[in-house]
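An overview of the molecular structure
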Amino acid sequence: MPDGRDQPALRLGEGVVALDAEAWDACAGDGNPSLCHQFLSAMEESGSVGKGTGWRSRPLLLEDADGRLSGAVPLYVKSHSYGEYVFDHGWANAYERSGGRYYPKLLAAVPFTPVPGPRLLVRPGREAEANRRRLAEGLVAATRQLGVSSLHVNFVEAADGVALAAAGLMQRVATQYHWHNANYRSFDDFLAALASRKRKMIRKERHAATRAGLQLRRLTGSDIKPAHWKAFFRFYIDTSERKWGSPYLTRDFFMRIGETMADRILLVMAEQDGKPVAGALNLIGREALYGRNWGSDGAHKFLHFEACYYQAIEFAIERGLARVEAGAQGEHKISRGYRPIETRSFHYIADRKFAAAVADFLAREQAAIEEEREALASYSPFRAAGD
C-alpha cells in the first residue's frame, strides 16, 4: 500500500502477535480489554484464529517516518461469515447467485466478540483525528488492493463511524441490551427502581437459581485457578455444541487470557456440593463489564439469568462501573433491567451495482429496527415517573 513518507505510512501486517504490545496498546487504549494486545494475541497463539479457521489476521498499521505505530485496525481476511454477530449470509448468497465471489472478504472486528468499541485505533494527540481518517481510507484502499468483494467493520463507536462514513462505507444498525448504573448503592437499590411485579419476578428467579444448593462465586485475578478454566471450557464446549454445533475458541485461548490478563476478567462460577456446574466469563473494562461466554453441564432453572445478568449487575454496582454490556441478542434481558441500545456496523461493497442493492436493503432494515426498538421500550421494567 504505497504512501508518501512525509506523512504516516499504511501497510498490512501479519498478525497482531508479531507487533510490539506496548505500541499496540498505546493505540487501543485501556478502556476495552477485548482490544488489548494480550487478548488478540491469545486468539492467534491459541489457534482460535489463523490457519484452518477462516480468519487470517492482517492488521492495518499506520506508522510514522521513524516506524512508530501511530494507529492500527484489527483486520482479518475471512473465508466465511461465522463468529461475527453481524449477519451477512444473505448478502453472500445473493452475490454468488448473481455470479460474483463474496469470499474472501475483509472484516475489522474482534473475533467472536460482539462488544462495541473503537476499531480505528489511534494514539491520543493532535494527529488522532487525521490518523483515524487515514485508517478509514486505508481500509478501503486495502479492499481494492486485495481484490476482495467487501469490507465490514463491526460494532463501531461513534467517532469511528464519522470517519468510516466519510470514507464511503454504509452504516447498518442493530440492537443490543445494556444495563446502566444509575449510581445504585446495592442490588436492592436497583430493584427499588423497578415496577413491583418485575421486582418480585427477579427475586423469585434469584431464589430459584440457588435453592437446589447452588452457590455462586465471583472470581477475578489470582482467585481464578487452572481448575476453574478447565471446568469452564468443558461448559463452553458442551453449550456451544448444543447451540451452534461448532465451538470457536480453544481451551488454550482461555488458559492464555487467564495467565496474561486475569485482573481484567470476572469469572462467575456456580458450584453444587463444591463441584463446578456452570460458569460465565466477563471482561472488566474501565467503565463497563462485558459479558462474553456462558456454559453449564446441564439444565439448571434460572441459573443462566443469575450467573450472566444478576451477578454482573452486582459486580458493576460494587465496582462503580457505568454499565453492563451483555452481548448479542436476547429481548428477555429487558424485563431484567437491560435496555435496548443501538449498535452500528459499516460496510463497503466493491461492486457498485451490488452496493446499491445493499444500500436499499439497509435503509429498509433500519426503519424496521427503529420501529422495533420503539416497541421494545414499552416493555421497560422500570417504574414510571410518579409511581
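Below: a short report on this structure. (Residues numbered from 1 in each chain as written. Predicted model: local features only at pLDDT ≥ 70, side-chain atom pairs only at ≥ 80, totals over all residues. Heavy atoms only, no water.)

Let's talk about the side chain of T343
Here is the rule we go by: Strands here mean DSSP runs of E at least two residues long; helices mean DSSP runs of H or I at least four residues long; both are numbered from the N terminus. Here the term buried applies to any residue with accessible area under 20% of the maximum for its type, exposed to any over 50%, and partly exposed to those in between, with areas from a 1.4 Å probe on protein chains only. Working rule for contacts: check all heavy atoms of both residues, and any pair within 4.5 Å makes them a contact.
Inspection of the secondary structure puts T343 in strand β15 (residues 339-349). The class of T343 is buried, set by a relative accessible area of 7%. If we skip the residues at most four places from it in the chain, T343 touches P116, F155, R172, V173, A174, T175 and Q176.

Comments concerning the layout of surface pockets
For clarity, the cut-off: Both site types are read off a 1 Å grid over the protein atoms alone. A 1.4 Å probe that fits but cannot get out defines a cavity, while an open set with protein on both sides within 12 Å along at least five of seven lines defines a pocket; lining residues have an atom within 4 Å of a point. Grid points are joined across faces, edges and corners, and a volume is the space filled by probe spheres set on the points. Three residue categories are used. Nonpolar comprises Ala, Val, Leu, Ile, Met, Phe, Trp, Tyr, Cys and Pro, charged comprises Asp, Glu, Lys and Arg, and polar comprises the others, including Gly.
Looking at the second largest pocket, its volume works out to about 560 Å³. As for the second largest pocket, its lining consists of 35 residues, of which P116, G117, P118, E157 and R323 are closest to the centre. Contributions of two or more residues to the lining of the second largest pocket are made by α1 (21-28), β7 (121-122), α4 (128-146), α5 (158-166), β9 (170-180), β13 (288-296), β14 (323-325) and β15. Here the lining of the second largest pocket gets four residues from one element, more than from any other, and that element is β15. In terms of residue class, the lining of the second largest pocket is built from 17 nonpolar, seven polar and eleven charged.

Some thoughts on the sheet that holds strand β4 (residues 69-73)
The condition is simple: Strands are treated as partners if at least two bridges between them are detected by DSSP. A fitted line through C-alpha atoms represents every axis, and for helices the fit uses only the stretch in contact; the resulting angles, taken between N-to-C directions, go from 0 to 180 degrees.
The four strands lie next to each other as β1-β3-β4-β7, forming an open sheet whose pairing is antiparallel. Where the open sheet ends on each side, the last strands, each with one partner, are β1 (9-12) and β7. Both β4 and β7 contribute to a ladder of two bridges, which runs antiparallel. In the sheet register, G71 faces β7, and the bridge partner there is V122. With respect to the sheet, α1 is in contact with β3 (60-63), β4 and β7, its orientation differing from that of β4 by roughly 75°. Across the face of the sheet, α4 comes into contact with β1, β3, β4 and β7 while running at roughly 135° to β3.

Details of empty space enclosed by the protein
Rolled over the atoms, a probe sized like a water molecule indicates the empty space that remains. Following the criterion strictly, the structure yields two cavities of 30 Å³ or more and no others. For the lining of the largest cavity, the elements supplying multiple residues, two or more each, are α2 (37-45), β12 (275-284) and β13. Considered class by class, the residues forming the lining of the largest cavity number seven nonpolar, two polar and one charged. Size it by volume and the second largest cavity reaches roughly 30 Å³. In this structure, the second largest cavity is lined by E84, V86, F87, D88, H152, N154, R172 and H347.

Points about the pairing of strand β11 (residues 265-272)
The buried fraction of β11 amounts to seven of the eight residues, a majority that puts the element mostly inside the structure. Here strand β10 (residues 214-220) runs beside β11; their pairing, made up of seven bridges, is antiparallel. Residue pairing across strands places R218 opposite V268, the latter belonging to β11. Bridging between β11 and β12 involves eight bridges; their strand directions are antiparallel.

Considering unusual backbone geometry
A cis geometry characterises the amide bond from Y103 onward to P104, with omega recorded as 5°. Checked against the element boundaries, P104 lands in the loop between α3 (89-97) and β6 (105-108). In this structure, F112 is a non-glycine residue whose phi angle is positive, near 60°. With respect to the helices and strands, F112 occurs in the loop between β6 and β7. Residue F302 is not a glycine yet carries a positive backbone phi of 65°. Structurally, F302 can be placed in the loop between β13 and α10 (303-319).

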